[in-house]
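Examining the three-dimensional arrangement
The chain contents come next:
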Amino acid sequence: MSDVIDRPMRDEDRTAQTRLKIIDCDIHPSLRSHNDLNEFLPKRWQQHLKEYGSHLRTPYIGTTPYPRSSPLIARRDAWPPTGGVPGSDLDFMRKQHLDPFDVEYGILQVLDLFIFSQQNLEFGAAIQRAINDWQLAFWAHRDVRLKASILVGQDDTALGIAEIDRCAKTGEYIQINVSPRANEPLGRRRYWPIYARAQELDLPLGIHVGGYGGHAPTGGGWPSYYCEEHQSNAHTVASQLTSLVLEGIPERFPRLKIVFIEGGFGWIPSAMWRMDQHFERFRSEVPHLKRKPSEYVKDHFWFTTQPIDEPDEAKHLRSLIEWVGIDRLLFSSDYPHWDYDDARYAFKTPLTEAERRKIFNSNARAVYKF
Amino acid sequence: MTRHIVARTSDIPAGGNKVFGIEGRDIVVFHVNGEFFALLNRCPHEGAPLEKAACVARLTSPEPGIYHRERIGEMLRCPWHGWEFDIRNGQSWFDPKRFRIRSYPVAVESGEDLQKGPYVAETFPVHVEDNYVIVEV
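Residues numbered from 1 in each chain as written. Chains lettered and ligands numbered in written order. Predicted model: local features only at pLDDT ≥ 70, side-chain atom pairs only at ≥ 80, totals over all residues.

Residue and element names in this part refer to chain A. Within the element layout of this structure, Glu322 appears in helix H11 (residues 314-324). Residue classification places Glu322 among the exposed residues on the basis of 10 C-beta atoms within 10 Å. The sequence separation of Glu322 and Pro269 amounts to 53 residues, and the corresponding C-alpha distance is 9.4 Å. (Helix = DSSP H or I, 4+ residues; strand = E, 2+ residues; numbered from the N terminus. Buried ≥ 20, exposed ≤ 12 C-beta atoms within 10 Å, placed from the backbone.)

And the structure:
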(Lines give C-alpha, C1' and ligand atoms only; values in the text may rest on other atoms or scores of the structure.)
Protein backbone atom coordinates (compact mmCIF):
# COMPACT_ATOMS: atom_id res chain seq x y z
CA MET A 1 0.00 0.00 0.00
CA SER A 2 1.21 3.48 -0.74
CA ASP A 3 -0.17 6.48 1.12
CA VAL A 4 -0.14 9.49 -1.13
CA ILE A 5 -2.10 12.65 -0.53
CA ASP A 6 -2.62 13.35 -4.21
CA ARG A 7 -6.17 14.58 -4.52
CA PRO A 8 -6.54 18.20 -5.54
CA MET A 9 -6.66 20.53 -2.55
CA ARG A 10 -10.29 21.22 -1.73
CA ASP A 11 -11.33 24.84 -1.36
CA GLU A 12 -12.36 24.25 2.23
CA ASP A 13 -8.86 22.97 2.97
CA ARG A 14 -7.34 26.15 1.63
CA THR A 15 -9.50 28.70 3.36
CA ALA A 16 -11.39 29.15 6.58
CA GLN A 17 -14.48 27.33 5.38
CA THR A 18 -14.23 24.27 7.62
CA ARG A 19 -17.36 23.97 9.70
CA LEU A 20 -15.54 22.88 12.82
CA LYS A 21 -13.66 25.67 14.53
CA ILE A 22 -10.55 24.56 16.32
CA ILE A 23 -9.24 25.31 19.77
CA ASP A 24 -5.48 24.90 19.55
CA CYS A 25 -4.02 24.37 23.01
CA ASP A 26 -0.36 24.84 22.08
CA ILE A 27 0.86 27.79 20.02
CA HIS A 28 4.35 29.20 20.54
CA PRO A 29 4.78 32.93 20.16
CA SER A 30 8.36 34.23 20.14
CA LEU A 31 10.11 37.44 21.06
CA ARG A 32 11.55 39.26 18.05
CA SER A 33 14.46 40.03 20.35
CA HIS A 34 14.99 40.47 24.07
CA ASN A 35 14.37 44.19 23.50
CA ASP A 36 10.66 43.41 23.17
CA LEU A 37 10.67 42.90 26.95
CA ASN A 38 12.24 46.25 27.79
CA GLU A 39 8.97 48.04 28.34
CA PHE A 40 7.97 45.39 30.88
CA LEU A 41 11.32 44.93 32.59
CA PRO A 42 12.88 47.24 35.20
CA LYS A 43 16.18 48.86 34.13
CA ARG A 44 18.10 46.73 36.60
CA TRP A 45 16.99 43.48 34.97
CA GLN A 46 17.35 44.82 31.44
CA GLN A 47 20.96 45.50 32.35
CA HIS A 48 21.29 42.04 33.90
CA LEU A 49 19.93 40.40 30.77
CA LYS A 50 22.40 42.34 28.62
CA GLU A 51 25.41 41.69 30.82
CA TYR A 52 24.84 38.16 32.06
CA GLY A 53 22.18 36.76 29.77
CA SER A 54 19.82 34.06 30.80
CA HIS A 55 21.23 31.44 33.16
CA LEU A 56 19.82 27.99 32.55
CA ARG A 57 21.42 24.64 33.23
CA THR A 58 22.75 24.43 29.70
CA PRO A 59 26.33 23.95 28.50
CA TYR A 60 26.81 27.54 27.31
CA ILE A 61 24.70 30.69 27.34
CA GLY A 62 22.09 30.56 24.61
CA THR A 63 22.56 26.89 23.76
CA THR A 64 20.44 23.82 24.37
CA PRO A 65 21.87 20.63 25.84
CA TYR A 66 21.09 18.80 22.59
CA PRO A 67 21.50 20.28 19.11
CA ARG A 68 18.01 20.36 17.63
CA SER A 69 16.80 18.96 14.35
CA SER A 70 16.08 22.35 12.86
CA PRO A 71 16.98 25.95 13.69
CA LEU A 72 14.91 27.20 16.65
CA ILE A 73 13.08 23.83 16.46
CA ALA A 74 10.89 25.45 13.81
CA ARG A 75 9.16 24.37 10.65
CA ARG A 76 11.29 25.51 7.73
CA ASP A 77 8.28 27.27 6.23
CA ALA A 78 7.46 29.20 9.43
CA TRP A 79 10.12 31.89 9.07
CA PRO A 80 8.15 35.10 8.46
CA PRO A 81 8.82 36.69 5.06
CA THR A 82 9.13 40.01 6.87
CA GLY A 83 12.14 38.75 8.82
CA GLY A 84 12.38 37.77 12.46
CA VAL A 85 12.11 34.32 13.97
CA PRO A 86 9.24 31.81 13.63
CA GLY A 87 6.32 32.73 15.86
CA SER A 88 7.35 36.40 16.18
CA ASP A 89 5.06 37.91 13.54
CA LEU A 90 1.36 37.92 14.38
CA ASP A 91 0.23 38.69 10.82
CA PHE A 92 2.17 35.76 9.46
CA MET A 93 0.88 33.49 12.23
CA ARG A 94 -2.65 34.51 11.25
CA LYS A 95 -2.01 33.87 7.59
CA GLN A 96 -0.20 30.57 8.02
CA HIS A 97 -2.08 29.05 10.92
CA LEU A 98 -4.91 30.88 12.69
CA ASP A 99 -6.98 31.80 9.62
CA PRO A 100 -6.66 28.72 7.36
CA PHE A 101 -7.37 26.34 10.24
CA ASP A 102 -10.21 28.42 11.57
CA VAL A 103 -8.68 28.61 15.02
CA GLU A 104 -11.34 29.87 17.39
CA TYR A 105 -8.95 30.12 20.34
CA GLY A 106 -5.23 29.56 20.47
CA ILE A 107 -3.49 29.09 23.80
CA LEU A 108 -0.06 30.68 23.99
CA GLN A 109 2.79 28.68 25.42
CA VAL A 110 5.90 30.81 25.80
CA LEU A 111 9.26 29.05 25.88
CA ASP A 112 11.50 32.10 25.35
CA LEU A 113 14.02 32.55 28.17
CA PHE A 114 12.50 29.48 29.77
CA ILE A 115 11.54 31.29 32.95
CA PHE A 116 10.72 28.08 34.83
CA SER A 117 14.35 27.02 34.84
CA GLN A 118 16.17 30.29 35.46
CA GLN A 119 18.82 29.66 38.09
CA ASN A 120 18.77 33.22 39.37
CA LEU A 121 15.31 33.14 40.93
CA GLU A 122 14.91 36.90 41.25
CA PHE A 123 15.84 37.37 37.63
CA GLY A 124 13.43 34.55 36.79
CA ALA A 125 10.67 36.36 38.66
CA ALA A 126 11.36 39.62 36.81
CA ILE A 127 11.40 37.83 33.48
CA GLN A 128 8.19 35.95 34.21
CA ARG A 129 6.41 39.24 34.96
CA ALA A 130 7.74 40.73 31.75
CA ILE A 131 6.79 37.70 29.66
CA ASN A 132 3.33 37.56 31.18
CA ASP A 133 2.77 41.25 30.39
CA TRP A 134 4.24 40.82 26.90
CA GLN A 135 1.80 37.99 26.14
CA LEU A 136 -1.11 40.35 26.65
CA ALA A 137 0.36 43.43 24.99
CA PHE A 138 1.89 41.76 21.94
CA TRP A 139 -0.57 38.91 21.41
CA ALA A 140 -3.81 38.61 23.35
CA HIS A 141 -4.67 42.30 23.02
CA ARG A 142 -3.91 42.26 19.30
CA ASP A 143 -5.89 39.14 18.45
CA VAL A 144 -8.86 38.11 20.58
CA ARG A 145 -8.37 34.47 19.62
CA LEU A 146 -5.05 34.24 21.44
CA LYS A 147 -5.14 33.46 25.13
CA ALA A 148 -2.31 33.96 27.60
CA SER A 149 -1.14 31.70 30.42
CA ILE A 150 0.41 32.86 33.68
CA LEU A 151 3.96 31.51 33.54
CA VAL A 152 5.29 30.69 36.98
CA GLY A 153 8.72 29.49 38.03
CA GLN A 154 7.50 27.13 40.71
CA ASP A 155 10.78 26.70 42.53
CA ASP A 156 10.26 30.01 44.30
CA THR A 157 6.71 29.41 45.40
CA ALA A 158 6.24 32.78 47.13
CA LEU A 159 7.28 34.78 44.07
CA GLY A 160 5.19 32.44 41.96
CA ILE A 161 2.05 33.03 44.02
CA ALA A 162 2.62 36.79 43.93
CA GLU A 163 2.82 36.63 40.15
CA ILE A 164 -0.31 34.48 39.90
CA ASP A 165 -2.21 37.00 42.01
CA ARG A 166 -0.93 39.97 40.02
CA CYS A 167 -1.96 38.42 36.71
CA ALA A 168 -5.22 36.86 37.87
CA LYS A 169 -6.53 40.32 38.86
CA THR A 170 -6.68 41.25 35.20
CA GLY A 171 -9.05 38.36 34.48
CA GLU A 172 -7.33 37.87 31.13
CA TYR A 173 -5.25 34.74 31.66
CA ILE A 174 -6.77 31.33 31.16
CA GLN A 175 -4.34 29.01 32.97
CA ILE A 176 -1.29 28.81 35.22
CA ASN A 177 1.77 27.19 33.67
CA VAL A 178 4.49 25.35 35.56
CA SER A 179 7.29 23.17 34.23
CA PRO A 180 7.50 19.37 34.36
CA ARG A 181 11.25 19.64 34.95
CA ALA A 182 11.47 21.47 38.24
CA ASN A 183 13.73 20.76 41.21
CA GLU A 184 11.41 18.14 42.65
CA PRO A 185 8.57 15.97 41.33
CA LEU A 186 5.42 18.02 40.91
CA GLY A 187 3.40 16.22 43.56
CA ARG A 188 5.76 17.33 46.33
CA ARG A 189 4.46 19.45 49.16
CA ARG A 190 6.57 22.53 48.33
CA TYR A 191 4.43 23.10 45.22
CA TRP A 192 1.04 22.69 46.87
CA PRO A 193 0.49 26.41 47.54
CA ILE A 194 0.48 26.96 43.77
CA TYR A 195 -2.14 24.26 43.31
CA ALA A 196 -4.21 25.68 46.15
CA ARG A 197 -4.17 29.10 44.51
CA ALA A 198 -4.97 27.67 41.08
CA GLN A 199 -7.99 25.91 42.56
CA GLU A 200 -9.11 29.04 44.40
CA LEU A 201 -8.89 31.06 41.20
CA ASP A 202 -10.46 28.27 39.16
CA LEU A 203 -7.58 28.34 36.66
CA PRO A 204 -6.35 25.07 35.13
CA LEU A 205 -2.72 24.12 35.69
CA GLY A 206 -0.88 23.75 32.36
CA ILE A 207 2.31 21.70 32.20
CA HIS A 208 4.18 22.02 28.91
CA VAL A 209 7.12 19.69 28.25
CA GLY A 210 10.67 20.96 28.35
CA GLY A 211 12.92 22.72 30.78
CA TYR A 212 16.23 22.25 32.49
CA GLY A 213 15.61 21.19 36.04
CA GLY A 214 19.12 19.88 36.53
CA HIS A 215 18.05 16.25 36.62
CA ALA A 216 18.65 13.87 33.76
CA PRO A 217 15.51 13.94 31.64
CA THR A 218 15.16 10.17 31.79
CA GLY A 219 15.11 7.79 34.72
CA GLY A 220 18.05 6.05 33.10
CA GLY A 221 20.36 9.05 32.89
CA TRP A 222 21.49 11.53 30.29
CA PRO A 223 20.56 10.75 26.67
CA SER A 224 23.11 10.90 23.87
CA TYR A 225 20.98 12.39 21.12
CA TYR A 226 18.23 14.93 20.54
CA CYS A 227 16.21 12.03 19.17
CA GLU A 228 16.55 10.35 22.54
CA GLU A 229 15.95 13.49 24.57
CA HIS A 230 12.82 14.22 22.55
CA GLN A 231 11.55 10.76 23.39
CA SER A 232 12.04 11.60 27.06
CA ASN A 233 9.28 14.24 26.99
CA ALA A 234 6.82 11.39 27.34
CA HIS A 235 8.73 9.72 30.22
CA THR A 236 8.99 13.02 32.07
CA VAL A 237 5.31 13.70 31.79
CA ALA A 238 4.51 10.12 32.79
CA SER A 239 6.60 10.49 35.93
CA GLN A 240 4.91 13.79 36.78
CA LEU A 241 1.46 12.32 36.28
CA THR A 242 2.46 9.53 38.65
CA SER A 243 3.81 12.00 41.20
CA LEU A 244 0.71 14.20 41.09
CA VAL A 245 -1.67 11.28 41.39
CA LEU A 246 0.18 9.26 44.02
CA GLU A 247 0.91 12.31 46.18
CA GLY A 248 -2.85 12.81 46.17
CA ILE A 249 -3.08 16.19 44.43
CA PRO A 250 -6.56 15.47 43.01
CA GLU A 251 -7.69 14.35 46.47
CA ARG A 252 -6.27 17.46 48.16
CA PHE A 253 -7.39 19.89 45.44
CA PRO A 254 -10.48 18.22 44.05
CA ARG A 255 -11.48 21.13 41.80
CA LEU A 256 -8.03 21.56 40.25
CA LYS A 257 -7.83 20.76 36.52
CA ILE A 258 -4.44 19.71 35.19
CA VAL A 259 -3.47 19.77 31.51
CA PHE A 260 -0.32 18.08 30.20
CA ILE A 261 0.88 19.78 27.04
CA GLU A 262 2.99 18.20 24.30
CA GLY A 263 3.62 14.96 26.13
CA GLY A 264 1.49 12.93 23.69
CA PHE A 265 -0.95 10.36 25.01
CA GLY A 266 0.11 6.89 23.86
CA TRP A 267 1.75 6.11 27.21
CA ILE A 268 -1.26 6.98 29.38
CA PRO A 269 -3.19 3.68 29.27
CA SER A 270 -0.21 1.69 30.47
CA ALA A 271 0.57 4.28 33.16
CA MET A 272 -3.00 4.00 34.46
CA TRP A 273 -3.06 0.19 34.41
CA ARG A 274 0.23 0.01 36.25
CA MET A 275 -0.70 2.60 38.88
CA ASP A 276 -3.96 0.78 39.52
CA GLN A 277 -2.15 -2.52 39.91
CA HIS A 278 0.32 -1.02 42.38
CA PHE A 279 -2.46 0.73 44.22
CA GLU A 280 -4.23 -2.60 44.75
CA ARG A 281 -1.09 -4.02 46.34
CA PHE A 282 0.28 -1.02 48.25
CA ARG A 283 -2.74 1.06 49.08
CA SER A 284 -1.86 1.07 52.77
CA GLU A 285 1.29 3.04 51.92
CA VAL A 286 -0.75 5.80 50.29
CA PRO A 287 -3.86 6.02 52.46
CA HIS A 288 -4.49 9.57 51.27
CA LEU A 289 -5.75 8.05 48.01
CA LYS A 290 -9.44 7.25 48.22
CA ARG A 291 -9.93 6.07 44.67
CA LYS A 292 -8.05 4.12 42.04
CA PRO A 293 -5.31 6.21 40.36
CA SER A 294 -6.95 5.81 36.95
CA GLU A 295 -10.14 7.36 38.31
CA TYR A 296 -8.23 10.48 39.31
CA VAL A 297 -6.63 10.61 35.87
CA LYS A 298 -10.00 10.35 34.20
CA ASP A 299 -11.55 13.09 36.31
CA HIS A 300 -8.78 15.62 36.83
CA PHE A 301 -6.29 15.44 33.95
CA TRP A 302 -6.35 16.37 30.27
CA PHE A 303 -3.74 15.78 27.59
CA THR A 304 -2.98 17.67 24.41
CA THR A 305 -2.65 15.49 21.34
CA GLN A 306 0.58 16.58 19.69
CA PRO A 307 2.97 14.97 18.89
CA ILE A 308 0.42 12.38 17.98
CA ASP A 309 1.37 8.72 18.14
CA GLU A 310 1.58 7.08 14.73
CA PRO A 311 1.20 3.32 15.02
CA ASP A 312 1.56 1.39 11.76
CA GLU A 313 -2.09 0.41 11.91
CA ALA A 314 -4.71 3.12 12.24
CA LYS A 315 -6.91 0.92 14.41
CA HIS A 316 -4.24 0.93 17.11
CA LEU A 317 -4.46 4.72 17.36
CA ARG A 318 -8.19 4.26 17.65
CA SER A 319 -7.71 1.86 20.58
CA LEU A 320 -5.35 4.28 22.30
CA ILE A 321 -7.89 7.07 22.04
CA GLU A 322 -10.55 4.82 23.53
CA TRP A 323 -8.32 3.65 26.36
CA VAL A 324 -7.31 7.19 27.30
CA GLY A 325 -10.88 8.41 26.88
CA ILE A 326 -11.99 10.78 24.18
CA ASP A 327 -13.01 13.34 26.82
CA ARG A 328 -9.42 13.71 28.02
CA LEU A 329 -7.92 14.84 24.72
CA LEU A 330 -7.38 18.44 23.62
CA PHE A 331 -6.12 19.18 20.13
CA SER A 332 -2.81 21.03 19.84
CA SER A 333 -0.68 21.91 16.85
CA ASP A 334 2.61 23.14 18.40
CA TYR A 335 2.80 25.85 15.73
CA PRO A 336 5.42 26.89 14.55
CA HIS A 337 7.64 24.05 15.72
CA TRP A 338 9.00 21.32 13.45
CA ASP A 339 6.89 18.56 14.96
CA TYR A 340 3.70 20.51 14.26
CA ASP A 341 0.49 18.50 13.83
CA ASP A 342 -1.81 19.48 10.98
CA ALA A 343 -5.42 19.39 12.18
CA ARG A 344 -6.56 17.83 8.90
CA TYR A 345 -4.15 14.93 8.71
CA ALA A 346 -2.75 14.28 12.18
CA PHE A 347 -5.42 11.77 13.21
CA LYS A 348 -4.85 8.89 10.86
CA THR A 349 -7.87 7.01 12.12
CA PRO A 350 -11.52 7.81 11.41
CA LEU A 351 -13.32 9.88 14.03
CA THR A 352 -17.03 10.56 14.08
CA GLU A 353 -18.22 14.13 13.82
CA ALA A 354 -19.11 14.08 17.53
CA GLU A 355 -15.66 12.78 18.45
CA ARG A 356 -13.94 15.40 16.30
CA ARG A 357 -15.99 18.09 17.95
CA LYS A 358 -14.82 16.94 21.37
CA ILE A 359 -11.13 16.66 20.58
CA PHE A 360 -10.88 19.75 18.43
CA ASN A 361 -13.16 22.05 20.35
CA SER A 362 -15.61 21.22 23.13
CA ASN A 363 -13.23 19.43 25.53
CA ALA A 364 -10.97 22.49 25.63
CA ARG A 365 -13.98 24.79 25.78
CA ALA A 366 -15.09 23.05 28.97
CA VAL A 367 -11.63 22.95 30.60
CA TYR A 368 -10.85 26.60 29.90
CA LYS A 369 -14.44 27.85 30.15
CA PHE A 370 -14.46 29.59 26.78
CA MET B 1 -1.87 12.52 -19.33
CA THR B 2 -1.65 16.03 -20.66
CA ARG B 3 1.61 17.80 -21.30
CA HIS B 4 1.72 21.27 -19.77
CA ILE B 5 4.28 23.89 -20.64
CA VAL B 6 4.88 25.44 -17.24
CA ALA B 7 7.93 27.71 -17.51
CA ARG B 8 11.06 28.67 -19.35
CA THR B 9 13.99 26.71 -17.97
CA SER B 10 15.56 30.00 -16.94
CA ASP B 11 12.53 30.79 -14.74
CA ILE B 12 13.58 28.21 -12.15
CA PRO B 13 17.04 28.98 -10.77
CA ALA B 14 19.51 26.15 -10.15
CA GLY B 15 18.98 24.81 -6.64
CA GLY B 16 15.56 26.47 -6.47
CA ASN B 17 11.99 25.51 -7.23
CA LYS B 18 8.70 26.96 -8.37
CA VAL B 19 5.09 25.96 -7.69
CA PHE B 20 2.51 25.68 -10.48
CA GLY B 21 -1.22 25.09 -10.22
CA ILE B 22 -1.97 22.33 -12.73
CA GLU B 23 -5.39 20.67 -12.93
CA GLY B 24 -6.26 21.67 -9.38
CA ARG B 25 -3.00 20.40 -7.95
CA ASP B 26 -0.10 22.41 -6.62
CA ILE B 27 2.93 20.93 -8.29
CA VAL B 28 6.44 21.95 -7.35
CA VAL B 29 9.20 21.79 -9.93
CA PHE B 30 12.76 21.55 -8.59
CA HIS B 31 15.89 22.42 -10.54
CA VAL B 32 18.71 20.25 -9.22
CA ASN B 33 22.13 19.74 -10.79
CA GLY B 34 20.84 20.77 -14.22
CA GLU B 35 17.77 18.48 -14.10
CA PHE B 36 14.12 19.25 -13.40
CA PHE B 37 11.80 17.19 -11.16
CA ALA B 38 8.06 17.67 -10.61
CA LEU B 39 6.31 16.49 -7.47
CA LEU B 40 3.04 17.16 -5.73
CA ASN B 41 3.69 20.07 -3.36
CA ARG B 42 2.45 18.21 -0.28
CA CYS B 43 4.17 15.78 1.99
CA PRO B 44 2.23 12.47 2.12
CA HIS B 45 2.60 12.42 5.90
CA GLU B 46 0.79 15.60 7.06
CA GLY B 47 0.60 17.76 3.96
CA ALA B 48 3.55 20.12 4.52
CA PRO B 49 4.47 22.33 1.52
CA LEU B 50 7.46 20.70 -0.13
CA GLU B 51 8.54 23.91 -1.83
CA LYS B 52 10.11 24.66 1.57
CA ALA B 53 11.90 21.32 1.77
CA ALA B 54 15.67 21.20 2.01
CA CYS B 55 17.42 19.48 -0.92
CA VAL B 56 19.96 17.34 0.88
CA ALA B 57 22.29 14.46 0.06
CA ARG B 58 21.75 10.78 0.70
CA LEU B 59 23.82 10.15 3.78
CA THR B 60 25.06 6.64 4.43
CA SER B 61 27.49 5.25 6.92
CA PRO B 62 29.14 1.83 6.60
CA GLU B 63 30.62 2.06 10.09
CA PRO B 64 30.95 4.52 12.96
CA GLY B 65 33.08 7.52 12.07
CA ILE B 66 32.73 7.10 8.32
CA TYR B 67 29.98 8.60 6.27
CA HIS B 68 29.26 9.20 2.63
CA ARG B 69 27.25 11.91 0.96
CA GLU B 70 25.83 10.73 -2.31
CA ARG B 71 23.40 12.15 -4.84
CA ILE B 72 23.90 15.60 -3.41
CA GLY B 73 20.74 17.70 -3.63
CA GLU B 74 18.56 14.77 -4.69
CA MET B 75 16.91 13.97 -1.38
CA LEU B 76 14.05 16.16 -0.22
CA ARG B 77 13.83 16.75 3.50
CA CYS B 78 10.32 17.76 4.51
CA PRO B 79 10.14 21.19 6.18
CA TRP B 80 8.14 19.87 9.12
CA HIS B 81 8.98 16.43 10.46
CA GLY B 82 12.11 15.90 8.39
CA TRP B 83 10.95 12.88 6.40
CA GLU B 84 13.22 12.32 3.42
CA PHE B 85 12.18 11.48 -0.12
CA ASP B 86 13.99 10.65 -3.34
CA ILE B 87 13.44 13.61 -5.63
CA ARG B 88 13.52 11.33 -8.72
CA ASN B 89 10.48 9.24 -7.83
CA GLY B 90 9.09 10.63 -4.57
CA GLN B 91 9.85 7.42 -2.69
CA SER B 92 10.19 7.74 1.09
CA TRP B 93 13.64 6.85 2.38
CA PHE B 94 12.30 5.89 5.79
CA ASP B 95 9.34 3.75 4.75
CA PRO B 96 9.53 3.23 0.96
CA LYS B 97 6.79 0.60 0.80
CA ARG B 98 4.11 2.80 2.33
CA PHE B 99 4.92 6.36 1.45
CA ARG B 100 5.79 8.29 -1.62
CA ILE B 101 5.14 11.71 -3.01
CA ARG B 102 3.28 11.68 -6.32
CA SER B 103 5.82 12.59 -8.97
CA TYR B 104 5.19 13.64 -12.56
CA PRO B 105 7.24 13.17 -15.72
CA VAL B 106 9.18 16.25 -16.73
CA ALA B 107 10.80 17.09 -20.03
CA VAL B 108 12.76 20.04 -21.32
CA GLU B 109 12.00 20.95 -24.89
CA SER B 110 12.96 23.76 -27.18
CA GLY B 111 10.48 26.38 -28.24
CA GLU B 112 10.98 25.24 -31.78
CA ASP B 113 9.81 21.67 -31.04
CA LEU B 114 6.90 22.98 -29.00
CA GLN B 115 5.47 24.78 -32.01
CA LYS B 116 4.49 21.30 -33.26
CA GLY B 117 2.10 20.67 -30.33
CA PRO B 118 -0.26 19.42 -29.11
CA TYR B 119 0.08 21.13 -25.73
CA VAL B 120 -2.28 22.77 -23.30
CA ALA B 121 -2.45 26.44 -24.15
CA GLU B 122 -0.38 28.44 -21.73
CA THR B 123 -0.80 31.98 -20.59
CA PHE B 124 2.62 33.05 -21.81
CA PRO B 125 4.02 33.13 -25.32
CA VAL B 126 6.40 30.36 -26.40
CA HIS B 127 9.47 31.52 -28.29
CA VAL B 128 11.45 29.29 -30.59
CA GLU B 129 14.76 30.43 -29.14
CA ASP B 130 13.99 29.40 -25.52
CA ASN B 131 13.84 26.06 -23.70
CA TYR B 132 10.75 25.08 -21.70
CA VAL B 133 9.88 22.82 -18.80
CA ILE B 134 7.05 20.41 -19.63
CA VAL B 135 5.13 18.58 -16.90
CA GLU B 136 2.81 15.65 -17.66
CA VAL B 137 -0.23 15.47 -15.40
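Next, the rest of the story.
Another aspect to go through is the packing of helix H4 (residues 121-140) of chain A against helix H5 (residues 157-168) of chain A. All names here are of chain A. Close contact between H4 and H5 brings their axes to 11 Å; oriented N to C, the two are set at 15°. Overall, the two elements H4 and H5 adopt an arrangement that is roughly parallel. The way H4 lies across H5 gives a crossing that is right-handed. Between H4 and H5, the residues in contact are Leu121, Ala125, Gln128, Arg129 and Asn132 and Leu159, Glu163 and Cys167, respectively. (Axes fitted to C-alpha atoms, helices over the stretch in contact; angles between N-to-C directions. Parallel < 35°, antiparallel > 145°, perpendicular 65-115°, else oblique. Left-handed = near helix turned anticlockwise from the far one by under 90°. Contact = placed C-beta atoms within 7 Å.)

All names here are of chain B. Bridge count for strand S2 (residues 17-22) against strand S3 (residues 25-32) is 6 bridges, and the pairing is antiparallel. Within the sheet, the bridge partner assigned to Val19 lies in S3 and is Val28. Taken together, S2 and the strand that follows it, S3, pair antiparallel across an intervening segment of 2 residues, in which Glu23 is found at a positive phi of about 50°. (Pairing = 2+ DSSP bridges.)

With that settled, consider the environment of His235(A). Residues and elements named next belong to chain A. For His235, the position within the fold is in helix H7 (residues 226-246). Taking C-alpha positions, His235 is 8.0 Å from Gly219, a pair spaced 16 residues apart along the chain. In this structure His235 touches Thr218 and Gly219, once residues within four positions along its chain are discounted.

Now for the packing of H5(A) against helix H6 (residues 192-201) of chain A. Residues and elements named next belong to chain A. Two elements in contact, H5 and H6, have axes separated by 10 Å at closest approach and are oriented at 15°. Relative to H6, H5 is oriented roughly parallel. Classified by chirality, the crossing of H6 by H5 is right-handed. In this structure, H5 contributes Thr157, Gly160, Ile161, Ile164 and Ala168 to the contact, and H6 contributes Pro193, Ile194, Arg197 and Leu201. Considered class by class, the residues forming the contact of H5 with H6 number 6 nonpolar, 2 polar and 1 charged. (Nonpolar A, V, L, I, M, F, W, Y, C, P; charged D, E, K, R; others polar.)

All names here are of chain B. Read from one edge to the other, the open sheet built from 4 strands follows the order S2-S3-S4-S8, with strand pairing classed as antiparallel. Because the sheet does not close on itself, it has two edges, and the strands there are S2 and strand S8 (103-104). The pairing of S3 with strand S4 (residues 35-40) spans 6 bridges and is antiparallel. For Val29, the partnering residue across the bridge sits in S4 and is Ala38.

All right, on to unusual backbone geometry then. Residue and element names in this part refer to chain A. Cis geometry marks the peptide bond from Gln306 to Pro307, where omega comes out at -5°. Locating Pro307 in the fold gives a position in the loop between strand S7 (301-304) and H11. With an omega of 0°, the peptide bond between Tyr335 and Pro336 qualifies as cis. For Pro336, the position within the fold is in the loop between strand S8 (329-330) and helix H12 (353-368). Within the chain, Ile73 stands out as a residue other than glycine whose phi angle is a positive 45°. Relative to the helices and strands, Ile73 is located in the loop between helix H2 (43-52) and helix H3 (90-98). Residue Ile73 is classed as partly exposed on the basis of its C-beta count, with 19 C-beta atoms lying within 10 Å. In this model, Glu262 sits at a positive phi of 75°, which is unusual for a non-glycine residue. Position of Glu262 relative to the elements: it lies in the loop between strand S6 (258-261) and helix H9 (268-282). Glu262 sits in the buried class, given 25 other C-beta atoms within 10 Å.

So, on to the nonpolar core. Judged by nonpolar contacts, the single largest core of 119 residues is most densely connected at Leu205(A), Val259(A), Phe303(A), Leu330(A) and Leu50(B). In this structure Leu50(B) touches Val28(B), Leu39(B), Asn41(B), Arg42(B), Cys43(B), Leu76(B), Cys78(B) and Ile101(B), once residues within four positions along its chain are discounted. (Core = buried A, V, L, I, M, F, W, Y, C linked by C-beta atoms within 7 Å.)

All right, on to the pairing of S6(A) then. Residue and element names in this part refer to chain A. The alternating pattern of S6 places Ile258 and Phe260 and Val259 and Ile261 on opposite faces, both of which are buried. Relative to S6, strand S5 (residues 205-208) runs parallel, the two being bridged by 4 bridges. Bridged to Ile207 within S6 is Phe260.

Right, let's get into the confidence of the model for chain B. The share of residues in chain B with pLDDT of 70 or more is 92%, and the mean pLDDT across the chain is 89. When mean pLDDT is taken per element in chain B, S4(B) scores highest with 96 and helix H1 (residues 111-114) of chain B scores lowest with 79. (pLDDT = per-residue confidence, 0-100.)

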